[in-house]
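# Structure assessment
The chain contents come next:
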Amino acid sequence: MMVILSLVFLIIAAFAGHLLAGTAMIPIKQAFSRQREFVADASHELRTPLSVLQLSAEAVQNDNDQKLSPFSTQVLDDMNSEIRRMTRLINDLLTLARADAGATNIIKEKFDLVAMAKPLVRSIQPLAVVKRLKLAMSGDETLPITADRERISQLLLILIDNAIKYTPAGGKVDVLLTRTATPKPSVTIAVSDTGEGISEKERKLIFERFYRIDKARSREEGGTGLGLSIAKWIVDVHGGKIKVESTPGKGSSFIVILPQ
Ligand code: ADP
């Protein structure tokens, strides 16, 4: 009798616990969802005043009627670069907040990855030249892929921009685009550099939001600490894989495999 009573008690307790846990989860879920909405709304609202600020600072900078002192010129330059950094940060936050809420439109279409990447690499070439780096692209002549063109272009930009940021002058950045037939038809994007490299421990952490190996260095280069989290999200929503191979002191390779 005692055994049966204890069993009944245990079942009732487990059931009550289950119910309580279930109802307790609802406010937590709502709080998370409100927080995500808040980040998305705040980021969106901040974009307008920031673009007004940027336009105003540029207007003063380009005002030929006015002779600015070297001090004012310097202040304006600093203001502009901080506004650009903040705009990037807000855009990145907005992308991730929308991604968390599942509110990003991924529009897949068939296009040639090589034809898309060529002008993109050409447009980043001046950045490499300024940093005295060699930026080259090689691989297949054409690579048809079904994916979100905008997002894949953003992914390439993040990886090439990082390679340029973290490679000292005189180095090399290579973009290799190839096709793999097995086990499934897929394309491989490899962005390799001869930069400072990433230790094994850091390799596991760099895809986390706001994680930066050297905060000061990233800030100096205009980084937000969100690039690789966005890159990983883009790869994930395409059902692909991203990994990094690196030899500290020699360089790194970011390798993305996407279904074709
Ligand atoms: P950030 O805006 O700081 O570049 P990311 O999320 O793109 O943010 O990258 C996270 C961190 O990973 C960077 O701050 C940097 O320390 C490291 N990292 C990324 N790419 C490279 C690379 N090609 N070589 C060395 N370190 C890198």
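The chain has the name histidine kinase in an unreviewed UniProt entry, where Pelosinus fermentans B4 is given as its organism. The UniProt entry for the chain carries the following comment under Subcellular location (unreviewed entry): "Membrane". Looking at the chain in UniProt, the text filed under Catalytic activity (unreviewed entry) is "ATP + protein L-histidine = ADP + protein N-phospho-L-histidine."

## Topic: the overall build of the chain
Looking only at helices and strands, the chain features seven helices and seven strands. Scanning the chain from its N terminus toward the C terminus, one meets helices and strands in the order α-α-β-α-β-β-α-β-β-α-α-α-β-β. Rg of the C-alpha trace for the chain: 24 Å, well past the compact-globule value of 18 Å for 260 residues, more than 25% over. When its C-alpha atoms are laid out on the principal axes, the chain stretches across 95 × 55 × 40 Å. The long-range share in the chain, meaning contacts at least 24 apart out of those at least 6 apart in sequence, stands at 73%.

Reading guide: rules and limits
Residues numbered from 1 in each chain as written. Predicted model: local features only at pLDDT ≥ 70, side-chain atom pairs only at ≥ 80, totals over all residues. Heavy atoms only, no water. UniProt positions renumbered as here; feature names shortened; annotations may be inferred. Helix = DSSP H or I, 4+ residues; strand = E, 2+ residues; numbered from the N terminus. Rg over C-alpha atoms; globule rule 2.2 N^0.38 Å. Contact = heavy atoms within 4.5 Å.

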